[in-house]
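# Observations on the model geometry
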Amino acid sequence: MRDLVFVGYLLALLFIAFKRPFLFTLVYTYIDIVAPQRLSYFMLNSVPVSLIVFALAFLGYLVSDDKKDSRFSIRQGLMVLLLIYCGYTTIQAVSPEAAWQKWDWVWKSMIFAIFLPLTLRTKLRMEALALFMVLCAAALIVTGGIKTVISGGGYGVLVLLIDDNAGLYEGSIISMVSIAIIPLILWLAKYGTVFPPDWRVKIFSICLIFACLLIPIGTRARTGLVCMAVLAILLLRFNKHRFLYAGAALTLGIMSIPFLPQSFTERMTTIQNYKADESASTRIAVWGWTIDYVKQNPFGGGFDVYLINEVKYELSDVDIEQYEEWGIDPDDVDVGIVEDKARAFHSSYFEMLGEQGFPGLIIWLSIHVGGVWRMEVLRRKYKDSPKESEHWVAPLALALQNAHIIYLVGALFVGVAYQPFVYKLVALQIGLDTYMARRQIEAKWRPIAKRLGGAAKQQKLPSNPKPYSQ
(Lines give C-alpha, C1' and ligand atoms only; values in the text may rest on other atoms or scores of the structure.)
Protein backbone atom coordinates (compact mmCIF):
# COMPACT_ATOMS: atom_id res chain seq x y z
CA MET A 1 0.00 0.00 0.00
CA ARG A 2 2.86 2.33 0.88
CA ASP A 3 4.47 1.72 -2.50
CA LEU A 4 1.21 2.46 -4.28
CA VAL A 5 0.98 5.85 -2.57
CA PHE A 6 4.51 6.84 -3.62
CA VAL A 7 4.05 5.56 -7.16
CA GLY A 8 0.68 7.29 -7.51
CA TYR A 9 2.04 10.59 -6.22
CA LEU A 10 5.07 10.43 -8.51
CA LEU A 11 2.94 9.56 -11.55
CA ALA A 12 0.65 12.50 -10.79
CA LEU A 13 3.64 14.86 -10.69
CA LEU A 14 4.98 13.46 -13.95
CA PHE A 15 1.57 13.79 -15.63
CA ILE A 16 1.42 17.47 -14.71
CA ALA A 17 5.02 17.95 -15.82
CA PHE A 18 4.26 16.74 -19.34
CA LYS A 19 2.09 19.82 -19.73
CA ARG A 20 4.74 22.12 -18.23
CA PRO A 21 8.15 20.48 -18.90
CA PHE A 22 10.02 22.76 -16.46
CA LEU A 23 8.23 20.89 -13.69
CA PHE A 24 10.41 17.86 -14.46
CA THR A 25 13.27 19.73 -12.79
CA LEU A 26 11.11 20.14 -9.68
CA VAL A 27 10.16 16.47 -9.73
CA TYR A 28 13.86 15.61 -9.90
CA THR A 29 14.44 17.91 -6.91
CA TYR A 30 11.79 15.98 -4.98
CA ILE A 31 13.39 12.64 -5.90
CA ASP A 32 16.87 13.89 -5.03
CA ILE A 33 15.92 15.27 -1.60
CA VAL A 34 13.18 12.96 -0.32
CA ALA A 35 14.48 9.85 -2.17
CA PRO A 36 11.11 8.05 -2.52
CA GLN A 37 12.95 5.13 -4.15
CA ARG A 38 14.55 4.46 -0.76
CA LEU A 39 11.21 4.74 0.99
CA SER A 40 9.66 2.22 -1.38
CA TYR A 41 9.80 -1.50 -0.61
CA PHE A 42 10.09 -2.82 -4.15
CA MET A 43 8.26 -0.80 -6.83
CA LEU A 44 10.42 2.33 -7.08
CA ASN A 45 13.74 1.02 -5.80
CA SER A 46 13.99 -1.37 -8.75
CA VAL A 47 13.70 1.43 -11.34
CA PRO A 48 16.32 4.17 -12.08
CA VAL A 49 13.78 6.86 -11.24
CA SER A 50 16.22 9.74 -10.86
CA LEU A 51 17.94 9.01 -14.18
CA ILE A 52 14.60 8.81 -16.02
CA VAL A 53 13.30 12.09 -14.57
CA PHE A 54 16.59 13.89 -15.23
CA ALA A 55 16.43 12.76 -18.88
CA LEU A 56 12.87 14.08 -19.09
CA ALA A 57 13.93 17.40 -17.54
CA PHE A 58 16.78 17.77 -20.03
CA LEU A 59 14.59 16.82 -23.01
CA GLY A 60 11.88 19.18 -21.81
CA TYR A 61 14.40 22.02 -21.76
CA LEU A 62 15.67 21.17 -25.25
CA VAL A 63 12.21 20.91 -26.75
CA SER A 64 10.09 23.57 -25.06
CA ASP A 65 12.31 26.21 -23.41
CA ASP A 66 13.37 29.46 -25.01
CA LYS A 67 17.17 29.08 -25.19
CA LYS A 68 17.85 32.77 -25.85
CA ASP A 69 17.01 33.52 -22.20
CA SER A 70 19.58 31.02 -20.91
CA ARG A 71 22.97 32.24 -19.72
CA PHE A 72 26.08 30.25 -18.81
CA SER A 73 27.86 31.82 -15.83
CA ILE A 74 31.44 31.74 -14.60
CA ARG A 75 30.46 29.62 -11.61
CA GLN A 76 28.87 27.05 -13.88
CA GLY A 77 32.17 26.97 -15.72
CA LEU A 78 33.96 26.43 -12.41
CA MET A 79 31.63 23.52 -11.63
CA VAL A 80 32.42 22.00 -15.02
CA LEU A 81 36.12 22.41 -14.27
CA LEU A 82 35.71 20.83 -10.82
CA LEU A 83 33.76 17.94 -12.33
CA ILE A 84 36.50 17.27 -14.88
CA TYR A 85 39.18 17.50 -12.21
CA CYS A 86 37.25 15.11 -9.93
CA GLY A 87 37.04 12.68 -12.85
CA TYR A 88 40.82 12.86 -13.26
CA THR A 89 41.51 12.26 -9.56
CA THR A 90 39.03 9.38 -9.57
CA ILE A 91 41.04 7.66 -12.30
CA GLN A 92 44.18 8.19 -10.19
CA ALA A 93 42.50 7.40 -6.84
CA VAL A 94 44.41 5.49 -4.19
CA SER A 95 41.20 3.66 -3.22
CA PRO A 96 39.75 2.95 -6.70
CA GLU A 97 36.71 0.88 -5.78
CA ALA A 98 35.45 3.32 -3.14
CA ALA A 99 36.31 6.29 -5.35
CA TRP A 100 34.22 5.03 -8.28
CA GLN A 101 31.28 4.39 -5.94
CA LYS A 102 31.35 8.01 -4.74
CA TRP A 103 31.89 9.30 -8.28
CA ASP A 104 28.68 7.49 -9.30
CA TRP A 105 26.53 10.00 -7.39
CA VAL A 106 28.81 13.05 -7.33
CA TRP A 107 28.80 13.55 -11.10
CA LYS A 108 25.00 13.34 -11.21
CA SER A 109 24.69 15.97 -8.49
CA MET A 110 27.07 18.37 -10.22
CA ILE A 111 25.69 17.84 -13.73
CA PHE A 112 22.19 18.72 -12.53
CA ALA A 113 23.52 21.78 -10.69
CA ILE A 114 25.26 22.93 -13.90
CA PHE A 115 22.11 22.36 -15.95
CA LEU A 116 19.55 23.78 -13.50
CA PRO A 117 20.37 27.53 -13.84
CA LEU A 118 19.72 27.32 -17.59
CA THR A 119 16.05 26.64 -16.83
CA LEU A 120 15.62 29.37 -14.17
CA ARG A 121 14.71 32.17 -16.57
CA THR A 122 11.73 33.68 -14.67
CA LYS A 123 11.03 34.80 -11.13
CA LEU A 124 8.22 32.25 -10.86
CA ARG A 125 10.58 29.39 -11.70
CA MET A 126 13.10 30.49 -9.08
CA GLU A 127 10.36 30.77 -6.49
CA ALA A 128 9.03 27.32 -7.44
CA LEU A 129 12.48 25.77 -7.00
CA ALA A 130 12.97 27.45 -3.62
CA LEU A 131 9.50 26.29 -2.58
CA PHE A 132 10.15 22.69 -3.64
CA MET A 133 13.49 22.65 -1.83
CA VAL A 134 11.88 23.91 1.36
CA LEU A 135 8.84 21.64 1.21
CA CYS A 136 10.86 18.53 0.31
CA ALA A 137 13.22 19.18 3.22
CA ALA A 138 10.16 19.88 5.37
CA ALA A 139 8.93 16.31 4.75
CA LEU A 140 11.91 15.14 6.80
CA ILE A 141 12.05 18.09 9.19
CA VAL A 142 8.40 17.98 10.29
CA THR A 143 8.69 14.23 10.91
CA GLY A 144 11.84 14.76 12.97
CA GLY A 145 10.29 17.68 14.86
CA ILE A 146 7.22 15.67 15.86
CA LYS A 147 9.37 12.75 17.03
CA THR A 148 11.59 15.12 19.00
CA VAL A 149 8.59 16.58 20.84
CA ILE A 150 7.22 13.11 21.59
CA SER A 151 10.37 11.15 22.44
CA GLY A 152 13.14 13.72 22.76
CA GLY A 153 15.19 12.10 20.00
CA GLY A 154 18.80 11.15 20.57
CA TYR A 155 22.19 11.10 18.90
CA GLY A 156 22.08 8.61 16.05
CA VAL A 157 18.62 7.35 17.03
CA LEU A 158 16.22 9.96 15.62
CA VAL A 159 14.67 8.17 12.65
CA LEU A 160 13.13 10.49 10.07
CA LEU A 161 11.08 8.87 7.32
CA ILE A 162 13.34 5.80 7.19
CA ASP A 163 16.21 4.39 9.23
CA ASP A 164 18.98 5.58 6.91
CA ASN A 165 22.22 7.50 7.31
CA ALA A 166 22.70 8.85 3.79
CA GLY A 167 21.97 12.29 2.36
CA LEU A 168 19.62 14.47 4.36
CA TYR A 169 18.69 11.49 6.51
CA GLU A 170 22.02 11.83 8.37
CA GLY A 171 21.65 13.74 11.65
CA SER A 172 24.35 16.40 11.26
CA ILE A 173 23.44 17.11 7.62
CA ILE A 174 19.70 17.53 8.23
CA SER A 175 20.50 19.72 11.26
CA MET A 176 22.59 22.02 9.10
CA VAL A 177 20.06 22.10 6.24
CA SER A 178 17.11 22.69 8.59
CA ILE A 179 18.76 25.87 9.88
CA ALA A 180 20.02 26.95 6.44
CA ILE A 181 16.53 26.95 4.90
CA ILE A 182 15.02 29.23 7.56
CA PRO A 183 15.98 32.39 5.59
CA LEU A 184 14.27 30.91 2.52
CA ILE A 185 11.16 30.12 4.56
CA LEU A 186 11.01 33.74 5.73
CA TRP A 187 11.39 35.00 2.16
CA LEU A 188 8.68 32.72 0.80
CA ALA A 189 6.33 33.76 3.62
CA LYS A 190 6.71 37.42 2.65
CA TYR A 191 7.32 37.49 -1.10
CA GLY A 192 5.92 34.19 -2.36
CA THR A 193 3.27 34.18 -5.07
CA VAL A 194 2.60 30.45 -5.53
CA PHE A 195 1.07 30.53 -2.06
CA PRO A 196 0.19 34.20 -1.45
CA PRO A 197 1.36 35.33 2.02
CA ASP A 198 -1.86 35.23 4.03
CA TRP A 199 -2.41 34.13 7.65
CA ARG A 200 -2.33 30.43 6.73
CA VAL A 201 1.07 30.74 5.04
CA LYS A 202 2.45 32.71 7.98
CA ILE A 203 1.23 30.16 10.55
CA PHE A 204 2.66 27.28 8.53
CA SER A 205 5.97 29.13 8.18
CA ILE A 206 6.20 29.75 11.93
CA CYS A 207 5.45 26.11 12.68
CA LEU A 208 7.98 24.93 10.09
CA ILE A 209 10.69 27.21 11.52
CA PHE A 210 9.95 25.81 14.97
CA ALA A 211 10.34 22.29 13.59
CA CYS A 212 13.65 23.34 11.98
CA LEU A 213 14.91 24.54 15.35
CA LEU A 214 13.89 21.24 16.94
CA ILE A 215 16.01 19.13 14.57
CA PRO A 216 19.40 19.96 16.16
CA ILE A 217 17.85 19.07 19.52
CA GLY A 218 16.41 15.81 18.26
CA THR A 219 19.57 14.74 16.46
CA ARG A 220 21.94 15.97 19.22
CA ALA A 221 24.14 17.29 16.40
CA ARG A 222 26.59 19.92 17.60
CA THR A 223 26.80 21.21 14.01
CA GLY A 224 23.16 22.24 14.30
CA LEU A 225 23.82 24.29 17.43
CA VAL A 226 26.71 26.10 15.72
CA CYS A 227 24.48 26.82 12.71
CA MET A 228 21.77 28.19 15.00
CA ALA A 229 24.29 30.61 16.51
CA VAL A 230 25.39 31.70 13.03
CA LEU A 231 21.76 32.27 11.98
CA ALA A 232 21.12 34.39 15.08
CA ILE A 233 24.14 36.58 14.25
CA LEU A 234 23.11 36.93 10.60
CA LEU A 235 19.58 37.98 11.55
CA LEU A 236 21.09 40.75 13.69
CA ARG A 237 22.83 42.25 10.67
CA PHE A 238 19.92 44.35 9.40
CA ASN A 239 17.65 44.29 12.43
CA LYS A 240 16.58 47.80 13.45
CA HIS A 241 16.24 46.75 17.10
CA ARG A 242 19.40 44.67 17.45
CA PHE A 243 19.83 44.94 21.21
CA LEU A 244 16.18 44.17 21.85
CA TYR A 245 16.33 41.21 19.47
CA ALA A 246 19.58 39.92 20.97
CA GLY A 247 18.24 40.25 24.51
CA ALA A 248 14.99 38.46 23.62
CA ALA A 249 16.87 35.65 21.85
CA LEU A 250 19.26 35.21 24.78
CA THR A 251 16.40 35.21 27.29
CA LEU A 252 14.45 32.69 25.24
CA GLY A 253 17.52 30.48 24.95
CA ILE A 254 18.15 30.52 28.70
CA MET A 255 14.48 29.85 29.47
CA SER A 256 14.45 26.86 27.12
CA ILE A 257 17.38 25.08 28.82
CA PRO A 258 15.25 23.41 31.55
CA PHE A 259 12.99 21.96 28.84
CA LEU A 260 15.85 20.49 26.80
CA PRO A 261 16.73 16.80 27.17
CA GLN A 262 19.68 16.27 29.51
CA SER A 263 21.48 14.22 26.88
CA PHE A 264 21.34 17.26 24.54
CA THR A 265 22.91 19.68 27.03
CA GLU A 266 25.57 17.12 27.98
CA ARG A 267 26.56 16.59 24.36
CA MET A 268 26.63 20.32 23.60
CA THR A 269 29.12 20.89 26.43
CA THR A 270 31.64 18.77 24.54
CA ILE A 271 31.98 21.64 22.03
CA GLN A 272 34.07 23.47 24.63
CA ASN A 273 35.61 20.38 26.23
CA TYR A 274 36.67 18.84 22.93
CA LYS A 275 39.64 16.90 24.37
CA ALA A 276 37.28 14.80 26.44
CA ASP A 277 35.25 13.83 23.41
CA GLU A 278 36.62 11.02 21.29
CA SER A 279 34.72 12.10 18.18
CA ALA A 280 36.17 15.63 18.26
CA SER A 281 39.67 14.38 19.03
CA THR A 282 39.48 11.97 16.10
CA ARG A 283 38.52 14.77 13.73
CA ILE A 284 41.46 16.90 14.77
CA ALA A 285 43.80 13.95 14.32
CA VAL A 286 42.36 13.22 10.84
CA TRP A 287 42.70 16.87 9.83
CA GLY A 288 46.35 16.77 10.87
CA TRP A 289 46.85 13.60 8.82
CA THR A 290 45.19 15.27 5.80
CA ILE A 291 47.55 18.24 5.93
CA ASP A 292 50.56 15.92 6.09
CA TYR A 293 49.17 13.86 3.20
CA VAL A 294 48.66 16.77 0.79
CA LYS A 295 52.14 18.05 1.52
CA GLN A 296 53.34 14.89 -0.19
CA ASN A 297 50.40 14.67 -2.65
CA PRO A 298 49.35 18.24 -3.55
CA PHE A 299 46.84 17.01 -6.16
CA GLY A 300 44.95 14.85 -3.66
CA GLY A 301 44.29 11.16 -3.49
CA GLY A 302 40.83 10.92 -5.05
CA PHE A 303 37.48 10.19 -3.45
CA ASP A 304 37.51 8.46 -0.03
CA VAL A 305 41.28 8.73 0.33
CA TYR A 306 40.66 8.78 4.10
CA LEU A 307 40.40 4.97 3.92
CA ILE A 308 44.19 4.77 4.03
CA ASN A 309 44.66 7.02 7.07
CA GLU A 310 46.01 5.89 10.44
CA VAL A 311 45.80 8.31 13.36
CA LYS A 312 46.91 8.37 16.97
CA TYR A 313 45.84 10.90 19.58
CA GLU A 314 45.56 11.49 23.31
CA LEU A 315 42.21 11.56 25.07
CA SER A 316 41.79 12.88 28.60
CA ASP A 317 38.72 13.05 30.81
CA VAL A 318 38.98 16.83 31.10
CA ASP A 319 41.08 19.24 29.09
CA ILE A 320 44.43 20.41 30.49
CA GLU A 321 43.35 24.02 31.05
CA GLN A 322 40.47 22.90 33.19
CA TYR A 323 42.80 20.84 35.40
CA GLU A 324 45.08 23.84 35.86
CA GLU A 325 42.09 25.98 36.91
CA TRP A 326 41.29 23.34 39.52
CA GLY A 327 44.86 23.38 40.83
CA ILE A 328 45.56 19.81 39.67
CA ASP A 329 48.85 18.87 38.08
CA PRO A 330 48.06 17.73 34.49
CA ASP A 331 50.86 15.17 34.77
CA ASP A 332 48.78 13.34 37.37
CA VAL A 333 45.91 12.87 34.95
CA ASP A 334 45.54 9.55 33.16
CA VAL A 335 45.71 10.18 29.46
CA GLY A 336 44.51 7.49 27.08
CA ILE A 337 46.28 6.86 23.79
CA VAL A 338 43.78 6.06 21.05
CA GLU A 339 44.79 4.53 17.73
CA ASP A 340 42.40 4.45 14.80
CA LYS A 341 42.36 4.19 11.03
CA ALA A 342 40.09 4.80 8.03
CA ARG A 343 38.31 7.65 9.80
CA ALA A 344 36.31 10.08 7.65
CA PHE A 345 37.27 13.75 7.33
CA HIS A 346 34.16 15.18 9.06
CA SER A 347 34.86 18.49 7.33
CA SER A 348 34.08 19.56 3.78
CA TYR A 349 37.21 21.67 3.62
CA PHE A 350 39.51 18.81 4.57
CA GLU A 351 37.41 16.47 2.42
CA MET A 352 38.19 18.62 -0.63
CA LEU A 353 41.80 19.11 0.40
CA GLY A 354 42.48 15.42 0.92
CA GLU A 355 40.52 14.13 -2.07
CA GLN A 356 41.16 16.84 -4.67
CA GLY A 357 44.27 18.52 -3.32
CA PHE A 358 44.98 22.23 -3.54
CA PRO A 359 43.53 22.71 -7.08
CA GLY A 360 40.20 21.12 -6.12
CA LEU A 361 39.96 23.08 -2.87
CA ILE A 362 40.64 26.38 -4.66
CA ILE A 363 37.99 25.70 -7.31
CA TRP A 364 35.48 24.59 -4.66
CA LEU A 365 36.09 27.68 -2.52
CA SER A 366 35.77 29.90 -5.60
CA ILE A 367 32.33 28.43 -6.33
CA HIS A 368 31.02 28.98 -2.81
CA VAL A 369 32.75 32.19 -1.76
CA GLY A 370 31.88 33.59 -5.18
CA GLY A 371 28.22 32.85 -4.45
CA VAL A 372 28.29 34.77 -1.16
CA TRP A 373 29.98 37.70 -2.89
CA ARG A 374 27.57 37.78 -5.86
CA MET A 375 24.55 37.73 -3.55
CA GLU A 376 26.01 40.67 -1.64
CA VAL A 377 26.45 42.56 -4.93
CA LEU A 378 22.79 41.91 -5.86
CA ARG A 379 21.56 42.82 -2.37
CA ARG A 380 23.31 46.19 -2.40
CA LYS A 381 22.27 46.93 -5.97
CA TYR A 382 18.54 46.28 -5.48
CA LYS A 383 17.97 47.05 -1.78
CA ASP A 384 16.69 50.56 -2.59
CA SER A 385 15.21 49.85 -6.01
CA PRO A 386 12.34 52.27 -6.80
CA LYS A 387 10.64 49.63 -8.92
CA GLU A 388 8.02 47.67 -7.02
CA SER A 389 8.61 44.71 -9.34
CA GLU A 390 12.18 44.43 -7.98
CA HIS A 391 11.48 44.65 -4.25
CA TRP A 392 11.81 40.88 -3.91
CA VAL A 393 15.34 40.71 -5.36
CA ALA A 394 17.46 42.04 -2.49
CA PRO A 395 15.62 39.97 0.18
CA LEU A 396 16.04 36.78 -1.91
CA ALA A 397 19.74 37.53 -2.45
CA LEU A 398 20.11 38.04 1.31
CA ALA A 399 18.22 34.81 2.11
CA LEU A 400 20.41 32.82 -0.31
CA GLN A 401 23.53 34.47 1.08
CA ASN A 402 22.58 33.69 4.69
CA ALA A 403 21.74 30.08 3.79
CA HIS A 404 25.11 29.75 2.05
CA ILE A 405 27.05 31.22 4.98
CA ILE A 406 25.33 28.78 7.35
CA TYR A 407 26.36 25.96 5.04
CA LEU A 408 29.97 27.17 4.86
CA VAL A 409 30.19 27.27 8.66
CA GLY A 410 28.43 23.92 9.11
CA ALA A 411 30.69 22.41 6.44
CA LEU A 412 33.61 22.94 8.81
CA PHE A 413 32.35 19.98 10.81
CA VAL A 414 30.48 17.84 8.27
CA GLY A 415 31.67 16.22 5.05
CA VAL A 416 29.11 17.71 2.65
CA ALA A 417 31.36 19.10 -0.09
CA TYR A 418 29.19 17.49 -2.79
CA GLN A 419 25.80 17.55 -1.03
CA PRO A 420 23.13 17.80 -3.81
CA PHE A 421 20.89 20.09 -1.73
CA VAL A 422 23.67 22.66 -1.44
CA TYR A 423 24.41 22.57 -5.16
CA LYS A 424 20.73 23.31 -5.82
CA LEU A 425 21.18 26.34 -3.58
CA VAL A 426 24.16 27.35 -5.71
CA ALA A 427 22.08 26.83 -8.87
CA LEU A 428 19.35 29.07 -7.46
CA GLN A 429 21.93 31.79 -6.79
CA ILE A 430 23.25 31.53 -10.33
CA GLY A 431 19.70 31.61 -11.70
CA LEU A 432 18.93 34.82 -9.80
CA ASP A 433 22.21 36.41 -10.84
CA THR A 434 21.84 35.65 -14.56
CA TYR A 435 18.14 36.56 -14.56
CA MET A 436 18.80 40.02 -13.13
CA ALA A 437 21.74 40.52 -15.51
CA ARG A 438 19.46 39.73 -18.44
CA ARG A 439 16.78 42.11 -17.18
CA GLN A 440 19.36 44.86 -16.82
CA ILE A 441 20.52 44.38 -20.42
CA GLU A 442 16.92 44.40 -21.64
CA ALA A 443 16.21 47.59 -19.68
CA LYS A 444 19.16 49.33 -21.38
CA TRP A 445 18.08 48.29 -24.88
CA ARG A 446 14.36 48.97 -24.45
CA PRO A 447 14.56 52.80 -24.86
CA ILE A 448 16.90 52.39 -27.86
CA ALA A 449 14.55 49.87 -29.47
CA LYS A 450 11.61 52.17 -28.81
CA ARG A 451 13.35 55.12 -30.48
CA LEU A 452 14.41 52.98 -33.43
CA GLY A 453 10.88 51.68 -33.79
CA GLY A 454 9.47 55.22 -33.78
CA ALA A 455 11.99 56.39 -36.34
CA ALA A 456 11.13 53.49 -38.62
CA LYS A 457 7.47 54.42 -38.51
CA GLN A 458 8.24 58.04 -39.41
CA GLN A 459 10.20 57.06 -42.51
CA LYS A 460 8.26 57.41 -45.79
CA LEU A 461 9.11 55.33 -48.78
CA PRO A 462 9.11 57.10 -52.20
CA SER A 463 6.08 56.45 -54.33
CA ASN A 464 8.21 55.50 -57.39
CA PRO A 465 11.44 54.04 -56.09
CA LYS A 466 14.29 54.09 -58.64
CA PRO A 467 15.87 50.79 -59.56
CA TYR A 468 19.28 50.05 -58.16
CA SER A 469 22.08 51.04 -60.52
CA GLN A 470 25.84 51.36 -60.52
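Since the model is a prediction, treat every value here as computed from it, not as a measurement.

Here we take up the pattern of salt bridges. Counting across every chain of the model gives 13 salt bridges. For K108, the salt bridge identified is with D104, shortest N-O distance 4.0 Å. Of this pair, K108 and D104 both sit in helix α6 (residues 96-119), four residues apart, which is roughly one turn of the helix. The partly exposed category is assigned to K108, whose relative accessible area is 33%. We classify D104 as partly exposed; its relative accessible area is 42%. Between E376 and R379 there is a salt bridge, with the nearest N and O atoms lying 2.9 Å from each other. In this pair, E376 and R379 both sit in helix α16 (residues 348-382), three residues apart, roughly one turn of the helix. As far as the burial class goes, E376 and R379 line up, both buried.

Counting residues in hydrophobic clusters, the biggest one holds 124 residues, and the most contacted among them are M79, L82, I141, W364, W392 and L432. If near-sequence neighbours (up to four positions away) are discounted, L82 is found in contact with M110, M352, G360, I363, W364, I367 and Y423.

In this description, a pair of aromatic rings is defined by centroid distance and the angle of the planes. Across all of its chains, the model carries 18 aromatic pairs by this definition. For the ring pair Y85 and Y88, a centre distance of 6.3 Å and an interplane angle of 40° mean the geometry is tilted. Pair noted here: Y85 and Y88 are both in helix α5 (residues 74-91), with a separation of three residues, about one helical turn. With relative accessibility at 13%, the residue Y85 sits in the buried group. Each residue in the set Y28, F54, F58, Y61, F112 and F115 is aromatic and connected to the rest through ring pairs, giving one cluster. The ring of W392 carries the charged tip of K123 above its face, separated from the ring centre by 5.5 Å. Directly above the aromatic system of W373 lies the positively charged group of R374, at a separation of 5.4 Å from the ring centroid.

Each value, and the rule that gives it
- Residues numbered from 1 in each chain as written.
- Predicted model: local features only at pLDDT ≥ 70, side-chain atom pairs only at ≥ 80, totals over all residues.
- Heavy atoms only, no water.
- Salt bridge = Lys/Arg side-chain N within 4 Å of Asp/Glu carboxyl O.
- Helix = DSSP H or I, 4+ residues; strand = E, 2+ residues; numbered from the N terminus.
- Buried < 20%, exposed > 50% of the residue type's maximum accessible area, 1.4 Å probe, protein only.
- Core = buried A, V, L, I, M, F, W, Y, C linked by side-chain atoms within 4.5 Å.
- Contact = heavy atoms within 4.5 Å.
- Phe/Tyr/Trp six-rings, centres within 6.5 Å; stacked < 30°, edge-to-face > 60°.
- Lys NZ or Arg CZ within 6 Å of the ring centre and 35° of its normal.

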